[in-house]
Number of protein chains: 2
Amino acid sequence: MTISSPHNDRIKAVRRLRRARERRETGHTILEGPHPLRAALAAGVIPEVVFVPEGDPAPDIDTEVVTITQQVLDTIAPTEAPRGPIAVIAVPEPEPLEAEPTVVLWELTTPGNVGTLIRTAAAFGWNVAHHGGADPWSPKVLRAGAGAHFVVRISEADDTGALRAAGLTPVATVSSGGVPPVTIDTSNPVALLVGNEAHGLPQDVIDACEAALTIPILGPESLNAAVAGSIAMYALSRGS
Amino acid sequence: MTISSPHNDRIKAVRRLRRARERRETGHTILEGPHPLRAALAAGVIPEVVFVPEGDPAPDIDTEVVTITQQVLDTIAPTEAPRGPIAVIAVPEPEPLEAEPTVVLWELTTPGNVGTLIRTAAAFGWNVAHHGGADPWSPKVLRAGAGAHFVVRISEADDTGALRAAGLTPVATVSSGGVPPVTIDTSNPVALLVGNEAHGLPQDVIDACEAALTIPILGPESLNAAVAGSIAMYALSRGS
């Protein structure tokens, strides 16, 4: 059977998962494209259902697979150039914080930045913690993460106290006035806080950190938040 | 006078500048928001015209300023959350290549990545060269550049021969199999080539480079192209 109507009830339910509120209420999200689905399957995630566009090969998995028309795909997929398959998955529970290098996404609001930092964390073997801002499990963030969500540990971070209680040393990333990465003591695992794109980290959060780090640049320019956080992870991983 | 109709001829002409072809034919582009406009003005760019939403302060510049309604702004601005003012500017001519560290954007297609790399180049004092892919002067790229377009030198790069002729040593960025940044000889200024998000650099281009650089990561993950290029600029700037 092929679903060919965008008004089909199951398709409407999937489309509603673009909204944060619907994801919270149902505990589900959507994964788009072959690469994120492969990464999810490799991590042992079992989708609730996979929608495959007509003519595409059906994935070899032990779950419900439903064929859809290209027109239906266009109405489900949250991106401009939709690509099947579309998998509905349960949003994993946040994992407990661990005493391992962790990048803390603090009220970042751009889905592309959140996804990019999760991808960088996976590449450098860091964990991720999340505090407010863009939903790390939104379709746009999953897309920018390129499968990394299923490789990294993703936790919630209430405050710097919770980070310290987990054995982490909180370090703030600030756009100016901080010390260069090479001077940060990484003998204890660092929780690297990266703040909002427009406003940075709140001052009380910076004050509650052990140190503030700035990537040395030529003033008065600035770095994109995902780039600053990524360079800091690279530098702290190497101690340089 | 306030323009309140989205069908006004001048507004329609501005809206057409979202298209690459229209920008090529007219030699104009649009700058959105106060920060890029400030950066352009500081660099001596004189807009053809500035459209200011009703109620916003008019910029203090010696050029035509036209008031528009919020509704008209919404139809002009290429982003989801449009922000005035909207300035129409002439696209600058490409500058000649110089023997100074240069990041070469080689067939990158995501506007956010192109703008982000231009922003990083400005922050580390690098020049930029462009070869195919996303138009570096598109509204989306200008937005991601956050004003950096008016700080950096932006050239065209036909091929690696043109880079060498300008006194640059071409170095390819590759996702695996290259040497770490610390081993790259930077005694001569480097042209750091960053390739397409999905396909990387063409093999013949890699072969024509002096060296291939890889940011050391945990396999089998990967870095976003703008992040890889940004980390490479950081590392080569520091020699680490």
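Let me begin by describing the structure that accompanies this report. Note that the structure is predicted; figures quoted are calculated from it, not measured.

Before going further, it helps to examine the overall build of chain A. For chain A, the count of helices and strands is nine helices and eleven strands. Here chain A has a C-alpha radius of gyration of 19 Å; the compact-globule value for 240 residues is 18 Å, and the two agree. The buried share of chain A, taken over its 240 residues, is 51%. Put simply, chain A shows about 10500 Å² of open surface, and 49% of that area lies on carbon and sulfur atoms. Placing the 17 positive and 27 negative side-chain charges of chain A at their respective mean positions leaves the two points 7 Å apart.

Before going further, it helps to examine the interface of chain B and chain A. Across the contact, 27 residues belong to chain B and 27 residues belong to chain A. For the pair chain B and chain A, the two sides together bury roughly 2300 Å², of which 62% comes from carbon and sulfur. A per-residue breakdown of the area chain B buries against chain A is headed by Arg 119, Glu 221 and Tyr 234 of chain B, which together make up 25% of the total. At the boundary of chain B with chain A, the tally comes to zero salt bridges.

On to unusual backbone geometry, then. All names here are of chain A. Cis geometry marks the peptide bond from Gly 84 to Pro 85; its omega dihedral reads -10 degrees. Within the secondary structure, Pro 85 sits in the loop between α4 (70-76) and β5 (86-90). Positive phi outside glycine occurs at Ala 146, with the angle close to 55 degrees. The topology assignment puts Ala 146 in the loop between α6 (139-145) and β8 (154-156).

Turning to the packing of aromatic side chains, a few remarks are in order. Within this structure, the stated rule accounts for five aromatic pairs over all chains. Aromatic side chains Phe 124 of chain A and Tyr 234 of chain A sit 6.0 Å apart centroid to centroid with 50 degrees between the ring planes, which places their arrangement in the tilted category. One end of the pair, Phe 124 of chain A, is in helix α5 (residues 111-124); the other, Tyr 234 of chain A, is in helix α9 (residues 225-238), and 110 residues separate them in sequence. A single burial state applies to Phe 124 of chain A and to Tyr 234 of chain A, both of which are buried. Members of the aromatic cluster, connected to one another through ring pairs, are Phe 124 and Tyr 234 of chain A together with Phe 124 and Tyr 234 of chain B.

Turning next to the nonpolar core. With 92 residues, the main nonpolar core has Val 103, Ile 118 and Leu 192 of chain A together with Val 103, Ile 118 and Leu 192 of chain B as its most contacted residues. Those residues within four positions of Ile 118 of chain B in sequence are excluded, and the remaining contacts are Leu 105, Val 128, Pro 136, Val 141, Ala 148, His 149, Val 152 and Ile 154 of chain B.

A few words now on the side chain of Thr 29 of chain B. Note on placement: Thr 29 of chain B falls in strand β2 (residues 28-32). Among the polar contacts listed, one links the side chain of Thr 29 of chain B to the backbone oxygen of Trp 137 of chain B, at a separation of 2.7 Å.

Of the two same-sequence chains, chain B is brought onto chain A (RMSD 0.0 Å, axial shift 0.0 Å) by a rotation of 180 degrees. Within this description, the copies of the chain are treated as partners about a two-fold rotation axis.

Calculation rules
- Residues numbered from 1 in each chain as written.
- Chains lettered and ligands numbered in written order.
- Predicted model: local features only at pLDDT ≥ 70, side-chain atom pairs only at ≥ 80, totals over all residues.
- Heavy atoms only, no water.
- Helix = DSSP H or I, 4+ residues; strand = E, 2+ residues; numbered from the N terminus.
- Rg over C-alpha atoms; globule rule 2.2 N^0.38 Å.
- Buried < 20%, exposed > 50% of the residue type's maximum accessible area, 1.4 Å probe, protein only.
- Areas by Shrake-Rupley, 256 points an atom, 1.4 Å probe, with all protein chains shown as cover.
- Lys, Arg positive; Asp, Glu negative; His and termini not counted.
- Charge placed at Lys NZ, Arg CZ, Asp CG, Glu CD.
- Contact = heavy atoms within 4.5 Å.
- Buried area = accessible area lost by both parts, 1.4 Å probe.
- Salt bridge = Lys/Arg side-chain N within 4 Å of Asp/Glu carboxyl O.
- Phe/Tyr/Trp six-rings, centres within 6.5 Å; stacked < 30°, edge-to-face > 60°.
- Core = buried A, V, L, I, M, F, W, Y, C linked by side-chain atoms within 4.5 Å.
- Polar contact = N/O pair within 3.5 Å; in protein donor to acceptor, adjacent residues only side chain to side chain.
- Least-squares fit on C-alpha atoms with pLDDT ≥ 70 in both.

Read these as layout, nothing more, since geometry by itself doesn't imply function.
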